[in-house]
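Listed below, chain by chain, are the residues.
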Amino acid sequence: MGALEGSLSFKTYYVEGEPPNDFHADYLSRIQRRFFQPLSPIGDEERSMGWVPVQDPLAVSAQRHDIFFNQYILLALRIDKWSIPSAWLKAIMRQALAERFPDKNIKISKRAKEEVRLQVVTDIKHKILPAMKTVDLVWNISERRLRFWSTSNALCEEFAEFFEETFGLRLTPDSPYMMAKNLGLSDADLNRMLSIEPWYPGLTHQDSM
């Protein structure tokens with residue numbers, strides 16, 4: 001969802017830190033190191049997350065022209081997750097156990113049940129696709145501002161951590177204070193801002209006491 005089409009709901013951040021002189025090559029290399037890797041039906045990984053171009057979430061790599069547009073970087077965070085309906089899993093498990101252990105008088109061990117479950121889950125994964133989600137971001141390098149097309153607190157926190165791991169830059173959520181700081185207000189003025197009490201239309205000072 002969103003930079004090129006879809007939802008207009010996004011969260012704005014300030015990017016703390018200066019880009020390197022040749023940020024195109026440096027950032028592209030960093031993106032490639034954390035590019036999205038598809039989930040495999042075989043293995044324990046239930047979730048995968050990584051970068052993809054906004055216009056092609058199925059891409060296996062990215063070129064410079066896929067990511068950089070003048071002073072902007074456009075990316076999408078792709079998150080895949082295996083999603084097996086529990087009702088299906090239980091039904092197929094019962095069937096698989098009945099086929100492997102037809103004698104109902106035999107007590108099936110916990111280990112044997114886990115082995116059957118692992119085989120059942122692997123078989124199901126070979127027949128389905130993981131659920132895929134992509135969330136766009138637009139990063140204005142010159143203004144050091146970034147928009148991420150999600151307002152989910154949990155996802156935004158995970159994104160901010162993944163962004164810092166990728167680029168070595170910290171994200172700070174947008175606020176009047178951060179806006180004033182980036183406009184170049186002095187420390188004295190910034191400190192005065194912190195002491196200002198909020199004011200609401202129609203509310204007198206006496207009402208707020």
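Description of the structure in this document. Note that the structure is a prediction, hence the values are computed from the model and not measured.

### Some remarks on the packing of aromatic side chains
Moving on, step 1. A complete count under the given rule lists 14 aromatic pairs for this structure.
Moving on, step 2. Ring geometry for Phe-10 and Trp-149: centres 5.1 Å apart, planes at 50 degrees, overall tilted. Taken together, the positions of Phe-10 in the segment before strand 1 (11–16) and Trp-149 in the loop between strand 6 (145–148) and helix 5 (153–167) put the pair 139 residues apart, joining distant regions of the chain.
Moving on, step 3. The exposure class assigned to Phe-10 is partly exposed, which follows from its relative accessible area of 28%.

### Topic: the pattern of salt bridges
Opposite charge on two side chains makes pairing possible when the charged atoms of those side chains draw close.
Moving on, step 1. The full count for this structure, using the stated rule, is seven salt bridges.
Moving on, step 2. Two residues, Lys-125 and Glu-46, come together in a salt bridge whose shortest N-O distance is 2.9 Å. Taken together, the residues span a long stretch of sequence, with Lys-125 in helix 4 (residues 110–127) and Glu-46 in the loop between helix 1 (23–33) and strand 2 (47–52) at a distance of 79 residues.
Moving on, step 3. Relative accessible area serves as the criterion here: at 3%, Lys-125 is assigned to the buried category.
Moving on, step 4. Among the ionic pairs, Glu-115 bridges to Arg-111, the shortest N-O distance being 3.6 Å. Highlighted residues: Glu-115 and Arg-111, both in helix 4, separated by four residues, approximately one helical turn.
Moving on, step 5. Arg-111 sits in the exposed class, given a relative accessible area of 66%.

### Considerations on helix 3 (residues 86–100)
The α-helix winds at 3.6 residues per turn, so residues separated by three or four positions along the chain end up facing the same way.
Moving on, step 1. When the terminal C-alpha atoms of helix 3 are compared, their 21 Å separation across 15 residues agrees well with the 21 Å that a helix rising 1.5 Å per residue should span.
Moving on, step 2. Along helix 3, the residues that are buried comprise Leu-89, Met-93 and Leu-97. Considered in projection along helix 3, the buried side chains sweep an arc of 60 degrees and stay on one side of the axis. Residues of helix 3 that are exposed and angled more than 90 degrees away from the buried face: Ala-87, Trp-88, Arg-94, Gln-95 and Glu-99.
Moving on, step 3. The elements touched by buried residues of helix 3 are helix 4.

### Looking at the side chain of Thr-122
Moving on, step 1. Its location among the elements puts Thr-122 in helix 4.
Moving on, step 2. Here Leu-118 takes part through its backbone oxygen, which lies 2.8 Å from a polar atom of the side chain of Thr-122.
Moving on, step 3. The contact partners of Thr-122, leaving out residues within four places of it in the chain, are Pro-41 and Ile-42.

Calculation notes
Residues numbered from 1 in each chain as written. Predicted model: local features only at pLDDT ≥ 70, side-chain atom pairs only at ≥ 80, totals over all residues. Heavy atoms only, no water. Phe/Tyr/Trp six-rings, centres within 6.5 Å; stacked < 30°, edge-to-face > 60°. Helix = DSSP H or I, 4+ residues; strand = E, 2+ residues; numbered from the N terminus. Buried < 20%, exposed > 50% of the residue type's maximum accessible area, 1.4 Å probe, protein only. Salt bridge = Lys/Arg side-chain N within 4 Å of Asp/Glu carboxyl O. Expected span 1.5 Å × (residues − 1). Arc of directions from axis to C-beta. Contact = heavy atoms within 4.5 Å. Polar contact = N/O pair within 3.5 Å; in protein donor to acceptor, adjacent residues only side chain to side chain.

These figures come from the coordinates and say nothing about function on their own.
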